[in-house]
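So the chains spell out like this:
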Amino acid sequence: MKEILYDYFTNIDISGHKGQAIRKGVKFGPRRPIEDYLNGNIKISSLKLKIRLIKDGFPLDFDKDFMKYRGIELRGKTAGVVGLGHNGEAIAERMKGLGLNVVYWSKNTRNDNYTYSELEDIFANADVIVPAFAHNEETDAIISDELLGKMKPSAIVVDIIELKNKDKLIEMVKAGKLFGYGFEAEPKTFAEYEGNIWSAPAYAWVTDGSMNNSMTKLVENMVNAVNGNFPNRVNQ
């Protein structure tokens, strides 16, 4: 059973394999589109908090603070998705469903359902920006500090890839140069950051759909292995 393809990458070294890891003759491929589709449904979870300014923690004194911490209306705003792979496309679809006008930049992909825009224009004009490209040394250079400086003070960044500029974005929120920033991290509290910051563990993929799909795939691979069939094998 050592050659069964497991769905997730726990304890698998994927360095140097361009998004794919190979171990014991088995290809541990990139996450399947159906899982990316599910992820897209909950990757915007931090956005739903970012649209309402959270500064001093919960609970709020509603009678006194409801104007200070009032939210913003998403419908009619512009969402900029940077990278239109499986995750990016799923997020763009959700954004569109929320009533946002979706623009995107992608190195290779084009999609007529959304409006293509240059990076400079996205960062200068979008109200919500979601980087969704594969994170590696090459793509680290896509979003520069100069680009971040073009954003409107009312903009929101939802970081699902751990941008190298995270500290700069935190400082921009603290200085009032950015409305909100959400990112995945080790468990933290609101009090550890100043301004409208949402930091949460990387648990967004855990849904009943993704877990059920993983178990279904595991059973399929076990049956294939028993029958001597290893369709994902890439070397001997």
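Residues numbered from 1 in each chain as written. Predicted model: local features only at pLDDT ≥ 70, side-chain atom pairs only at ≥ 80, totals over all residues. Heavy atoms only, no water.

Participant: Could you clarify how one ought to interpret the overall build of the protein chain in this entry?
Facilitator: Each helix and strand in the protein chain was counted, giving eight helices and nine strands. Counting only residues that meet the buried cut, the protein chain has 42% of its 236 residues in that class. Pairs at least 24 apart in sequence give 55% of the contacts found in the protein chain among residues at least 6 apart. For the protein chain, the exposed area adds up to about 13600 Å²; of that, 51% sits on carbon and sulfur atoms. (Helix = DSSP H or I, 4+ residues; strand = E, 2+ residues; numbered from the N terminus. Buried < 20%, exposed > 50% of the residue type's maximum accessible area, 1.4 Å probe, protein only. Contact = heavy atoms within 4.5 Å. Areas by Shrake-Rupley, 256 points an atom, 1.4 Å probe, with all protein chains shown as cover.)

Participant: Would you take a moment to explain the confidence of the model for the protein chain for this structure?
Facilitator: Interpretation of the predicted coordinates at a detailed level should be avoided for regions scoring low in pLDDT. Chain-level pLDDT for the protein chain is 76 on average; 66% of the residues reach the 70-or-more range. Across residues 1-42 the pLDDT falls below 50, and counting only partners more than four positions away or on other chains, this stretch makes 88 contacts in the model. In the predicted structure, residues 52-56 sits below a pLDDT of 50 and forms 18 contacts with residues beyond four places in sequence or in another chain. (pLDDT = per-residue confidence, 0-100.)

Participant: What exactly am I supposed to notice about a nonpolar patch on the surface here?
Facilitator: Nonpolar side chains collect at one region of the surface, where Y203, V206 and M211 lie side by side and expose about 290 Å² of accessible area between them. Structurally, M211 is set in helix α8 (residues 208-226). (Patch = residues over 30% accessible without salt bridge, like charges linked within 9 Å, V, L, I, M, F, W, Y side chains within 5 Å. Salt bridge = Lys/Arg side-chain N within 4 Å of Asp/Glu carboxyl O.)

Participant: In this structure, what is going on with the packing of aromatic side chains? I would like to understand it.
Facilitator: For any two aromatic rings, the description comes down to two numbers: the centre-to-centre distance and the angle of the planes. Enumeration over the complete set of coordinates arrives at three aromatic pairs. On the numbers, 5.5 Å between centres and 80° between planes, the contact of Y104 with Y116 is edge-to-face. Here the residue Y104 occupies a position in strand β4 (residues 101-105), and Y116 occupies one in strand β5 (residues 115-116), the gap between them amounting to twelve residues. By relative accessible area, which is 1% here, Y104 ends up buried. Each residue in the set Y181, F183 and Y193 is aromatic and connected to the rest through ring pairs, giving one cluster. (Phe/Tyr/Trp six-rings, centres within 6.5 Å; stacked < 30°, edge-to-face > 60°.)

Participant: Help me out: how do you make sense of the sheet that holds strand β8 (residues 180-184) in this one?
Facilitator: Neighbouring strands of a sheet are bound in pairs by backbone hydrogen bonds; such pairs are parallel or else antiparallel. What the seven strands build is an open sheet, ordered β5-β4-β3-β6-β7-β8-β9; its pairing is parallel. Looking at strand neighbours, the two that pair on one side only are β5 and β9 (197-200), the edges of this open sheet. Where strand β3 (residues 78-82) meets β4, five bridges bridge the pair, whose relative direction is parallel. Looking across to β4, one finds that V81 is bridged to Y104. Lying on the sheet, helix α4 (residues 86-97) is in contact with β3, β4 and β6 (128-131); it crosses β3 at an angle near 175°. Sheet contacts for helix α7 (residues 166-174): β7 (156-159), β8 and β9; angle to β8, the most-contacted strand, approximately 145°. (Pairing = 2+ DSSP bridges. Axes fitted to C-alpha atoms, helices over the stretch in contact; angles between N-to-C directions.)

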